[in-house]
Amino acid sequence: MRPFLVHVIPTLENAGAETILVRLVEEFDKRGIEQAVLVTKGSAIDFFFDKIISHCPVLLWKKEPQKTIAFLRNYKSNLKFLGWMYGGIFFAHYLNFRYRLSAEVVWNIRQSNFLPHQ
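How each quantity is defined
Residues numbered from 1 in each chain as written. Predicted model: local features only at pLDDT ≥ 70, side-chain atom pairs only at ≥ 80, totals over all residues. Heavy atoms only, no water. Phe/Tyr/Trp six-rings, centres within 6.5 Å; stacked < 30°, edge-to-face > 60°. Helix = DSSP H or I, 4+ residues; strand = E, 2+ residues; numbered from the N terminus. Buried < 20%, exposed > 50% of the residue type's maximum accessible area, 1.4 Å probe, protein only. Polar contact = N/O pair within 3.5 Å; in protein donor to acceptor, adjacent residues only side chain to side chain. Contact = heavy atoms within 4.5 Å. Salt bridge = Lys/Arg side-chain N within 4 Å of Asp/Glu carboxyl O.

A. Molecular detail of the packing of aromatic side chains. Scanning all chains against the criterion turns up 8 aromatic pairs. Between Trp61 and Tyr99, the ring centres sit 6.0 Å apart and the planes meet at 70 degrees, which makes this aromatic pair edge-to-face. On the criterion of sequence distance, the pair formed by Trp61 in the loop between strand 3 (58-60) and helix 3 (65-74) and Tyr99 in helix 4 (residues 85-99) is long-range, its members being 38 residues apart. A residue is classified by how much of its surface remains accessible, and Trp61, at 13% relative accessible area, is buried. Judged by relative accessible area, which is 17%, Tyr99 ranks as buried. Among the aromatic residues, those joined into a cluster by ring pairs are Trp61, Phe91, Tyr94 and Tyr99.

B. Quick look at the side chain of Asn96. Mapped onto the fold, Asn96 is located in helix 4. Separated by 2.7 Å, the side chain of Asn96 and the backbone oxygen of Ala103 make a polar contact. When sequence neighbours within four positions are dropped, the list of residues in contact with Asn96 reads Phe81, Leu101, Ser102, Ala103 and Val105.

C. Examining the pattern of salt bridges more closely. Applying the stated criterion to the full structure yields 7 salt bridges. With a shortest N-O distance of 3.5 Å, Arg23 and Glu26 are connected by a salt bridge. Here Arg23 pairs with Glu26, and both are found in helix 1 (residues 16-30), just 3 residues apart, close to one helical turn. It is possible to trace a salt-bridge network through shared partners that takes in Arg23, Glu26, Glu27, Lys30, Arg31 and Lys51.

Below, the structure is given as structure tokens:
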């Protein structure tokens, strides 16, 4: 069974990580990878919302938490979370704990200002 990938990200505003997410969603869609984007704080008026919704479902936690949980439970057996930035990582773990989803969580921390010791 192929995994169902859920990108967990705070918003879809116009910024670095969100730009990368849009590109990744487009490429995964071309390859037939089932996915969704779960936005924890944002809304349908976020900058990249329209672009992503054309490739996969966008789940708006702030507006529809019950609908989001019902959607995720449909894919519980093969659910994988990709947490974007610290807020998305924390929220993915929260969902697993609070709603007993047992999804694998992969972290994606994007940092463009690495120092020599990092």
